[in-house]
Amino acid sequence: MSSHYETLQKADAYREFFKVAPPEDLGERMLRARRPGFMIRAVPQAEAPSEAAAAAAPAAAAPAPDATPEAETAVAAPPARKQAVPVVRELVAAQWGLVPHWVKTASDARLRAIKLLHARNETASTAQAFRDAWLNNQRCIIPIMAFFEDDHRSGKPVSTRISRIDGQPMGLAGLWAHWKGPEGEEILSFAALNINANTHGLLHRYQPPGNERRMPAILNEGAYDAWLSVRQDKAREFMRQYAANWLTANPVENKKDKIPKDWRVAQ
């Protein structure tokens, strides 16, 4: 899987595509392991009144013996259905490379983070490193412009940039965690969820031969709020392959491989 990705470098893209205020500093264009990037998560909402509080509320008064049918109906009318609380998104600075909350030391946090850039969808709910984040609904969206995979079909790895065909940003499904060390140090971090890509029309071509093909779980724009707020038992419904015809792949030019213009030496 990709060891780096391209971040958003236009402030307006955060507002237009992710409905969040942009950061003051857009950060590094190419983000790698343990470097500070950005994630989007849901702002915690106030808890709904408890059942005990509802039971303690005054009961509706019984209709008077001489009440009209209209008044009787009004008293007996069921309460209005509670409206769903809208999701409020927030952009948060965080490190790419998840640090589980149970890590003991900062040095251990650094060692683990570099290995926890990606979480397999199939085992996120059971793998020790990601289980608590998954079960506690600590889901996020990772805003990116492109990610990179190696194309081995020529016999040597060729770095390839994968992006949307229309050049717009993408939101990857992710998990986040908050770690607090014994000395009071804190790390907010995230990992990108990935899914099987053996049958994907484009991404089955990439990564080393013989390996299972994987790809990031790219969310549809209309599913952002649902991904952030859905119940944990419904979250895997969002782990689907992004349509191949919506993506494009372009080899990254390596300057070391370029032949100088004056390569023909006079004999």
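Anything mentioned here points back to the structure above.
These lines cover the structure that appears in this document, whether it is placed above or below. Quick caveat: nothing in here was measured; it's all calculated off a predicted structure.

## What about the overall build of the protein chain?
Counting its regular elements, the protein chain contains 6 helices and 13 strands. By the burial criterion, 38% of the 267 residues in the protein chain qualify as buried. For the protein chain, the share of sequence-separated contacts (at least 6 apart) that also reach a separation of at least 24 residues comes to 71%. For the protein chain, the accessible area works out to roughly 16100 Å², and carbon and sulfur atoms hold 53% of it.

## Looking at the pairing of strand β10 (residues 186-196)
With 9 of 11 residues buried, β10 lies mostly within the body of the structure. Here strand β4 (residues 89-96) pairs with β10 via 2 bridges, running parallel. By the bridge assignment, Gln95 is partnered in β10 with Ser189. Bridge count for strand β9 (residues 170-180) against β10 is 7 bridges, and the pairing is antiparallel. Each bridged residue has a counterpart across the sheet, and for His178 the counterpart in β10 is Leu188. In terms of strand pairing, β10 meets strand β11 (residues 214-216) through 3 bridges, oriented antiparallel. Note that in β11 the partner of Asn194 across the bridge is Pro216.

## Quick word on the pattern of salt bridges
Taken as a whole and judged by the stated rule, the model has 15 salt bridges. Where Asp225 meets Arg89, a salt bridge forms, and the shortest distance between an N and an O atom there is 2.7 Å. With a gap of 136 residues between them, Asp225 in helix α6 (residues 224-229) and Arg89 in strand β4 connect regions that are remote in the sequence. Here Arg153 ties to Asp151 by a salt bridge, and the two come within 2.8 Å at their closest N and O atoms. One network of salt bridges, in which partners are shared, links Arg120, Glu122, Glu212 and Arg214.

## Some thoughts on the packing of aromatic side chains
Overall, the coordinates contain 5 aromatic pairs when judged by the stated rule. Look at Tyr5 and Trp96: their rings are 4.9 Å apart centre to centre, the planes differ by 65°, and that puts the pair in the edge-to-face class. Taken together, the residues Tyr5 in strand β1 (residues 4-6) and Trp96 in strand β4 connect sequence positions 91 residues apart. For Tyr5, a relative accessible area of 5% translates into the label buried. A cation sits over an aromatic face here: Arg139 above Trp227, 5.3 Å from the ring centre. Directly above the ring of Tyr206 sits Arg153, whose terminal nitrogen or CZ lies 5.9 Å from the centroid.

## Examining the sheet that holds strand β13 (residues 247-251)
Judged by pairing direction, the sheet is antiparallel, and its 5 strands sit side by side in the order β2-β1-β7-β8-β13 without closing on themselves. Every other strand in the sheet has two partners, leaving β2 (30-32) and β13 as the edge strands with one partner each. Recorded for the sheet is a direction-independent mean angle of 35° between the axes of neighbouring strands. Alignment of strand β8 (residues 158-164) against β13, held across 5 bridges, turns out to be antiparallel. Across the sheet, residue Thr160 finds its bridge partner in β13, namely Pro251.

## Examining unusual backbone geometry
Most of the time, phi is negative for any residue but glycine, and the peptide bond is trans. At Arg34, a position not held by glycine, the phi torsion is positive, near 65°. A relative accessible area of 35% means that Arg34 is categorised as partly exposed. In this structure, Asn137 takes a positive phi of about 60° despite not being glycine. You can see Asn137 is positioned in the loop between α5 (131-135) and β6 (139-144). For Asn137, a relative accessible area of 35% corresponds to the partly exposed category.

Cut-offs applied
- Residues numbered from 1 in each chain as written.
- Predicted model: local features only at pLDDT ≥ 70, side-chain atom pairs only at ≥ 80, totals over all residues.
- Heavy atoms only, no water.
- Helix = DSSP H or I, 4+ residues; strand = E, 2+ residues; numbered from the N terminus.
- Buried < 20%, exposed > 50% of the residue type's maximum accessible area, 1.4 Å probe, protein only.
- Contact = heavy atoms within 4.5 Å.
- Areas by Shrake-Rupley, 256 points an atom, 1.4 Å probe, with all protein chains shown as cover.
- Pairing = 2+ DSSP bridges.
- Salt bridge = Lys/Arg side-chain N within 4 Å of Asp/Glu carboxyl O.
- Phe/Tyr/Trp six-rings, centres within 6.5 Å; stacked < 30°, edge-to-face > 60°.
- Lys NZ or Arg CZ within 6 Å of the ring centre and 35° of its normal.
- Axes fitted to C-alpha atoms, helices over the stretch in contact; angles between N-to-C directions.

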